[in-house]
Amino acid sequence: MLAAPACAEPQPAPDGGVQSLVIGYLRRAENRTAISRLALPAENDGQAGAEAGLDDNNVAGEFLGQSFSLAAHRLKPGEDPAQALADLQAKGARFVVADLAAADLLKAADSAAGAGALLFNIGAADEALREDSCRANVIHVAPSRAMLADALTQYLLWKQWRKFLLVVGSHDADRLWAEALKRSAARFGGKIVEERMFADAGGARRADSGVALVQKQIPAFTQNAPAYDVMIAADESAVFADYLPYRSWDARPVAGSAGLVPTAWDPSYEQAGATQLQQRFERKFFRHMTALDMNGWEAARMIGEAAAHDAAGDVGAAKTYFLSKDFALAAFKGQKLTLRDWNLQLRQPVLLSDGRNVVSVSPQEGFMHQFSELDTLGLDRPETKCRFK
C-alpha cells in the first residue's frame, strides 16, 4: 500500500508543482469462499486492480503535474464502515473505491463522511443499490445482477437454447441471483421449465469420500427434469454450482454460477488491446487479473479521467463530468464505457467465460436499443425505480 499524504483536498503546490490526489480503498471484512482452491481469491483481489489503475493515472499525471496514491482500509468484523470512511477522508480521500457488502455500502454512503465523498461500488451486484436504495453519491462500476443475467440470457437465446432448468441455492444472495435470471428469461423469451433448490446442508466434500459422494448426489438431484436445453445455477454462495458440469443426469450444458459464467472480466480475454493490460498486471502482481480487479481498475481510471479534466478537486464537479457527454472510459472491452444518469451504473459489455476462454461478449447481435445496445443489459430508464437520496 502506498503512503497517503494527509491533506483536506487535492491542491496544486504553490510553486506550480505536483498536485497530490489521495484515493481511498475500503474493503469488506469477510473472505470470499470457493469450492475449488484454485478459485480462492488473492488477498489483494480488487485492491491490486485499483493500484494498477493508479499506476496508469500516474503515467498521464507526469505530464499533467498530478500524482495519485492509495489509502486502503480493510474493515474488521463489526467495524463501522462510516467511521472507516471518515478515517480515509482524514487522509485526504474524497473519492473512495468501495468493495463492500450492500448494507455496509449504504451505511458509508449515508454517513456524515459520505456526504463529502463519492463512492465507487466495485463489489456489490445488488439491484436494490441501483433502484429503491440508490444513492446520489454512489457510482456503480460493478455490473448488476440484472446486467449479468441479461448478458447470459441473450447468448443462450442467440444459440436458440430457450428452455432452462434453474437450480437455486438456499442463501439470500442465491435467491437474488435467481430472481435476476428469471426476470431476464421472461424479458427475452426464455422459459424456465422447472426450478429446484439445492439446500446447503454443510458437509465435507473435500474429504476423501467427497468425489464419490458428489458423483452420486448430483445425478440423483438432477434426474426426472422436464426437457430442457441448459441447466442454470444460481449459487453466489459457492456451495454446489461447480459440481454440476459433467455430473448431471442429462447431458446438458451448465451456465450461471458455473460452466458458462457472465463476468466483468476474465484473465483469458485478449481482444481490444486487453493483452497489454493483462501483461502489465501480471508483471506487477504475479497473478491473473480478476473481475474484481478490473472493477477496481475502472474506478481508479474514472478518477484519473476526472483529474485530467480538472474535475478531481470537488466531488460535485467530478460527478457532473461523469454524467456529461465528454466522459467515456476506454477499458479494453471494445466499446467506450459511459454512465447511466438514471441510476449511476457504468454501461459496459459483459464477458461470457467457461473458465479458460471467453466464449462470447454481450450484448449479442440482434438485441437492439434506441440509445445504446449496452442498455439492453440491466434495467433500462423506463424500468428504473431509482429516486436518489
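The following refers to the structure shown.

Definitions and cut-offs
Residues numbered from 1 in each chain as written. Predicted model: local features only at pLDDT ≥ 70, side-chain atom pairs only at ≥ 80, totals over all residues. Heavy atoms only, no water. Phe/Tyr/Trp six-rings, centres within 6.5 Å; stacked < 30°, edge-to-face > 60°. Helix = DSSP H or I, 4+ residues; strand = E, 2+ residues; numbered from the N terminus. Buried < 20%, exposed > 50% of the residue type's maximum accessible area, 1.4 Å probe, protein only. Arc of directions from axis to C-beta. Contact = heavy atoms within 4.5 Å. Pairing = 2+ DSSP bridges. Axes fitted to C-alpha atoms, helices over the stretch in contact; angles between N-to-C directions. Parallel < 35°, antiparallel > 145°, perpendicular 65-115°, else oblique. Nonpolar A, V, L, I, M, F, W, Y, C, P; charged D, E, K, R; others polar. Core = buried A, V, L, I, M, F, W, Y, C linked by side-chain atoms within 4.5 Å. Disulfide = S-S within 2.5 Å. Salt bridge = Lys/Arg side-chain N within 4 Å of Asp/Glu carboxyl O. Polar contact = N/O pair within 3.5 Å; in protein donor to acceptor, adjacent residues only side chain to side chain.

The next thing to look at is the packing of aromatic side chains. Under the defined criterion, the tally for this structure stands at twelve aromatic pairs. Seen from their ring centres, Phe120 and Phe322 are 6.0 Å apart, and the 85 degrees between their planes marks the pair as edge-to-face. With Phe120 in strand E4 (residues 118-121) and Phe322 in helix H9 (residues 315-322), this pair connects stretches of sequence that are 202 residues apart. Both residues of the pair, Phe120 and Phe322, count as buried. Judged by centre distance (5.3 Å) and plane angle (90 degrees), the ring pair of Phe188 and Phe367 falls under edge-to-face. With Phe188 in helix H5 (residues 172-188) and Phe367 in the segment after strand E12 (358-362), the pair connects residues that are 179 residues apart, well separated along the chain. Like Phe188, the residue Phe367 is buried in the burial classification. Counting every residue linked through ring pairs, the aromatic cluster contains Phe95, Phe120, Tyr321, Phe322 and Phe327.

Buried residues of helix H3 (residues 102-110): Ala102, Leu105, Leu106, Ala108 and Ala109, and no others. Buried residues of H3, seen end-on, are gathered within an arc of 165 degrees and therefore sit on one face of the element. Close packing links the buried residues of H3 with helix H2 (81-90), strand E3 (95-99), E4 and strand E5 (138-140).

Moving on, we get to the sheet that holds strand E9 (residues 254-256). With respect to topology, four strands assemble into an open sheet ordered E7-E6-E8-E9, the strand pairing being parallel. In this open sheet, the two strands that pair with only one neighbour each are strand E7 (191-198) and E9. Averaged over all pairs of adjacent strands, the angle between their axes in this sheet comes to 30 degrees, without regard to strand direction. Along the sheet, H5 contacts strand E6 (163-169), E7, strand E8 (230-234) and E9; its crossing angle with E6, the most-contacted strand, is approximately 165 degrees.

Attention shifts here to the packing of helix H8 (residues 291-308) against H9. Viewed as axis vectors pointing N to C, H8 and H9 meet at an angle of 100 degrees, and their least axial separation amounts to 10 Å. Our classification of the angle between H8 and H9 gives roughly perpendicular. Of H9, the residues touching H8 (which contributes Met302, Ile303, Glu305 and Ala306) are Ala318, Tyr321 and Phe322. Looking at side-chain class alone, the contact of H8 with H9 contains six nonpolar, no polar and one charged residues.

This part covers the nonpolar core. In this structure, Phe95, Phe120, Ile139, Met302 and Phe322 are the most contacted members of the largest nonpolar core, which totals 47 residues. Elements that contribute at least two residues to this core include exactly strand E1 (19-27), helix H1 (47-64), strand E2 (66-74), E3, E4, helix H7 (274-285), H8 and H9. For this core, the leading source of residues is H8, giving nine residues. If we ignore the near neighbours within four places in the chain, the residues touching Met302 are Phe120, Ile139, Val141, Phe322, Phe327, Leu329 and Leu346.

Turning next to the state of the cysteines. Under the counting rule described, the total for this entry stands at one disulfide. Across a sulfur-sulfur distance of 2.1 Å, Cys134 and Cys386 are joined as a disulfide pair. One quick way to see it: the torsion about the S-S bond of Cys134 and Cys386 is about 100 degrees, and its sign makes the bridge right-handed. Of this pair, Cys134 sits in the loop between E4 and E5 while Cys386 sits in the segment after E12, placing them 252 residues apart in sequence.

Following the criterion strictly, the structure yields 22 salt bridges and no others. One salt bridge connects Lys284 with Asp55, and the closest N-O pair in it is separated by 3.1 Å. Here Asp55 lies in helix H1 and Lys284 lies in helix H7, a separation of 229 residues in the sequence. We classify Lys284 as partly exposed; its relative accessible area is 39%. Using a relative accessible area of 30% as the deciding quantity, one classes Asp55 as partly exposed. Here Asp375 makes a salt bridge to Arg340, at a shortest N to O gap of 2.8 Å. Of this pair, Asp375 sits in the segment after E12 while Arg340 sits in the loop between H9 and strand E11 (350-353), and the two are 35 residues apart along the sequence. Like Arg340, Asp375 is buried. Among the charged side chains, a salt-bridge network with shared partners connects Asp150, Arg183, Arg187 and Glu383.

Moving on, we come to the side chain of Arg301. Here Arg301 is to be found in helix H8. Looking at Arg301, its side chain comes within polar contact range of the side chain of Asn57, at 2.7 Å. When residues no more than four places from it in sequence are discounted, the contact partners of Arg301 are Gly53, Asp56, Asn57 and Leu329.

Function cannot be inferred from these measures alone, as they are strictly geometric.
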